[in-house]
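# Overview (structure and organization)
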Amino acid sequence: MTEPYDAIILGAGAAGLMCAAIAGQRGRRVLVLEKAEQPGKKILISGGGRCNFTNINTAPDRYLSANPHFAKSALSRYTARDFLALVEAHGIAWHEKTLGQLFCDGSSKQIVAMLLEECAKGGAEVRCDVEVTAVDHVDGVFSVAANGQVLTAKAVVIATGGPSIPKMGATGYAYELARQFGLKVVEPRPALVPLTLGGEDVLFRDLSGVSAPVDAICGKTSFHEAALFTHKGLSGPAILQISSYWRPGDTVSIDFLPGKPAGWLRELKRTAPRSTLRTILKDALPDRLAVTLADRLGHESDLQTLSDKLLDAAEARLARWPFCPNGSEGLAKAEVTSGGISTAELSSKTMQAKKVPGLFAIGEAVDVTGWLGGYNFQWAWASGWAAAQEI
Ligand code: FDA
């Protein structure tokens with residue numbers, strides 16, 4: 001029988017490759033098992049093929065988790081600047097697109113190639129087309145069954161991601177393993193996902209293809225970005241962001257004219273008394289959207305003929321237009337899965353399971369979900385790095 005590996009890492013995605021590279025470079029004997037035919041498939045399709053690999057504004061309050069403090073340790077020890085330094089050391093050209101989002105100038109393939117080079121530097125072996133089907137733990141040694149073989153290791157790292165985009169082969173295997181080892185799982189939900197509209201709101205589907213910069217608001221959270229109407233409902237960055245905070249039954253309000261001071265319609269009644277709500281909205285918003293909103297507001301006549309009370313009500317509606325999504329487009333369209341292996345089960349410093357020494361969980365498998373814009377990869381890098389310090 002061969003010597004056990006120091007660690008077997010399940011999954012050659014963002015988190016698994018980072019963990020393998022760093023642990024290997026720390027002198028550990030590491031094997032990565034990946035069921036797909038190639039590593040890093042989600043990296044390859046990310047950011048429209050240019051991989052939004054991190055966000056320079058990374059901060060713990062941009063992550064959702066049952067324990068909002070959990071991500072602090074890893075994120076502070078392996079930062080966006082650290083990852084950027086690695087990217088630059090590999091001569092990969094990059095640019096900031098917007099809101100701190102860093103992308104490759106060239107292709108996501110460069111990020112995967114970089115991670116594989118780092119793995120090779122540390123002697124970490126990456127085997128593809130190998131699906132892990134069982135993990136056991138007896139007398140302090142883990143045995144991992146894959147493709148009819150059983151491999152042994154002192155540590156196992158669950159880096160199999162979340163079930164979003166099942167057509168890429170994504171599954172909830174991480175949760176299955178966690179439960180097998182007695183670790184709790186916070187209910188997984190699609191996040192960063194388009195929302196669907198029904199009932200009265202269904203009429204807005206006619207606006208499919210129209211987009212506008214808005215504030216999307218759910219409870220106390222709001223995002224100022226573009227919203228896009230689709231044939232199923234609402235999408236665009238503002239909606240994807242707010243979807244992570246939305247629960248079935250919640251209202252999502254849209255401020256179609258963010259930044260307008262209170263009383264702006266009364267002021268217009270004074271300065272432009274002959275204008276109508278329709279013309280005002282057409283000046284500020286895409287035509288089709290302006291017409292739909294004006295029709296809904298239903299006041300066709302000049303502002304000078306409308307009462308202040310009526311104008312205040314129209315202003316309030318435009319600032320908090322309520323939508324009641326009847327669902328989301330689900331895991332099939334979700335960029336990530338929120339929820340996952342409970343952070344209460346893991347050390348925030350090492351990502352090791354408190355009850356099962358030697359078992360680690362990193363990346364999307366864990367109940368830490370970032371905003372849109374490079375935050376999820378930064379969590380994958382940081383949590384992978386943290387686990388690698390302990391292996
Ligand atoms: P990830 O899913 O990357 O890797 C898990 C790996 O485990 C997979 O390769 C899988 O095949 C393998 N695996 C699963 N089960 C296995 C088994 N039983 N045996 C062996 N292997 C197994 N984020 C961001 O920050 N910036 C961005 O630009 C984007 N863009 C983006 C676009 C799209 C379309 C999607 C779907 C997602 C994004 N994301 C993103 C999110 C990002 O891709 C995601 O957060 C990370 O890939 C998570 O990394 P992990 O390593 O945790 O899982």
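The rules we used
- Residues numbered from 1 in each chain as written.
- Predicted model: local features only at pLDDT ≥ 70, side-chain atom pairs only at ≥ 80, totals over all residues.
- Heavy atoms only, no water.
- UniProt positions renumbered as here; feature names shortened; annotations may be inferred.
- Buried < 20%, exposed > 50% of the residue type's maximum accessible area, 1.4 Å probe, protein only.
- Helix = DSSP H or I, 4+ residues; strand = E, 2+ residues; numbered from the N terminus.
- Pairing = 2+ DSSP bridges.
- Axes fitted to C-alpha atoms, helices over the stretch in contact; angles between N-to-C directions.
- Contact = heavy atoms within 4.5 Å.

An unreviewed UniProt entry lists the chain under the name Aminoacetone oxidase family FAD-binding enzyme, with Allopontixanthobacter sediminis as the source organism. Checking UniProt for the chain, the heading Cofactor (unreviewed entry) contains the comment "FAD".

Most of strand β13 (residues 211-218) sits out of view: 6 of its 8 residues are buried. Alignment of β13 against strand β14 (residues 221-229), held across 8 bridges, turns out to be antiparallel. Pairing of Val214 across the sheet is with Glu225, part of β14. Where β13 hands over to β14, the hairpin turn is made up of 2 residues, of which Gly219 adopts a positive phi near 60°. As paired strands, β13 and strand β16 (residues 252-255) are joined by 3 bridges and run antiparallel to one another. Paired with Ile217 across the bridge in β16 is Ser253.

A word on the sheet that holds strand β3 (residues 52-55). The 3 strands are arranged β3-β6-β5 in an open sheet whose pairing can be described as antiparallel. In the strand order of this sheet, the two ends are held by β3 and β5 (94-96), each with one partner. Averaged over all pairs of adjacent strands, the angle between their axes in this sheet comes to 30°, without regard to strand direction. Bridge count for β3 against strand β6 (residues 101-104) is 3 bridges, and the pairing is antiparallel. Note on β6: the bridge partner recorded for Asn52 is Phe103. Contacting β3, β5 and β6, helix α4 (residues 80-89) runs over the sheet at an angle of about 140° to β3.

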